[in-house]
Amino acid sequence: MTNLEKYNSIFRRAFRKTDEELPGLKYQGIPLWDSIGHMDLMNDLEEAFDIRIDTQDVLDFTSYEKGKEVLGRYGIAVE
């Protein structure tokens, strides 16, 4: 499984969206991506990619697209 497939799978499961619905998805843009959903997402990403996301990056993770950039800071290319 590629990093993109893993990333998309986590988003699909967390927010009940299809791959086609993921681009443009934003924090607090849908009911499931509230503060609790955000922390669950961070936990799932940490487990899947075996990383620890620091607080500033948790705050910077504001959209599906921005998340790819944030993971890149940890050496994880999501393309």
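## Looking at the packing of helix H1 (residues 3-15) against helix H2 (residues 35-49)
Remark: H1 packs on H2, axes separated minimally by 10 Å, with the N-to-C direction vectors making an angle of 150°. Classified by the angle their axes make, H1 and H2 are roughly antiparallel. Where H1 crosses over H2, the handedness of that crossing is right-handed. Of the residues in H2, those touching H1 at Asn3, Lys6, Tyr7, Ile10, Phe11 and Phe15 are Gly37, Leu41, Asp44, Leu45, Ala48 and Phe49. Residues that form the contact of H1 with H2 fall into these classes: eight nonpolar, two polar and two charged.

## Considerations on the side chain of His38
As for its position among the elements, His38 is in helix H2. Sequence-distant contacts of His38, that is, excluding residues within four places in its chain, are made with Tyr27, Trp33, Val58 and Phe61.

## Description of the environment of Ser35
Take Ser35: it is sitting in helix H2. Residues Ser35 and Glu21, spaced 14 residues apart in sequence, show a C-alpha to C-alpha distance of 20 Å.

## What about unusual backbone geometry?
Keep in mind that most residues, glycine aside, have a negative phi and that most peptide bonds are trans. The backbone of Gln28 sits at a positive phi, close to 65°, despite the residue not being glycine. Turning to its location among the elements, Gln28 is positioned in the loop between H1 and H2. Positive phi, close to 55°, is recorded for Asp50, a residue that is not glycine. Within the fold, Asp50 resides in the loop between H2 and helix H3 (55-60).

## Looking at the side chain of Ser63
The residue Ser63 is located in the loop between H3 and helix H4 (64-72) in this model. Within the structure, the side chain of Ser63 is placed 3.0 Å from the backbone nitrogen of Lys66, a separation counted as a polar contact. When near neighbours in sequence (up to four residues on either side) are disregarded, Ser63 contacts Tyr7, Leu25, Lys26, Tyr27 and Trp33.

About the criteria used
- Residues numbered from 1 in each chain as written.
- Predicted model: local features only at pLDDT ≥ 70, side-chain atom pairs only at ≥ 80, totals over all residues.
- Heavy atoms only, no water.
- Axes fitted to C-alpha atoms, helices over the stretch in contact; angles between N-to-C directions.
- Helix = DSSP H or I, 4+ residues; strand = E, 2+ residues; numbered from the N terminus.
- Parallel < 35°, antiparallel > 145°, perpendicular 65-115°, else oblique.
- Left-handed = near helix turned anticlockwise from the far one by under 90°.
- Contact = heavy atoms within 4.5 Å.
- Nonpolar A, V, L, I, M, F, W, Y, C, P; charged D, E, K, R; others polar.
- Polar contact = N/O pair within 3.5 Å; in protein donor to acceptor, adjacent residues only side chain to side chain.

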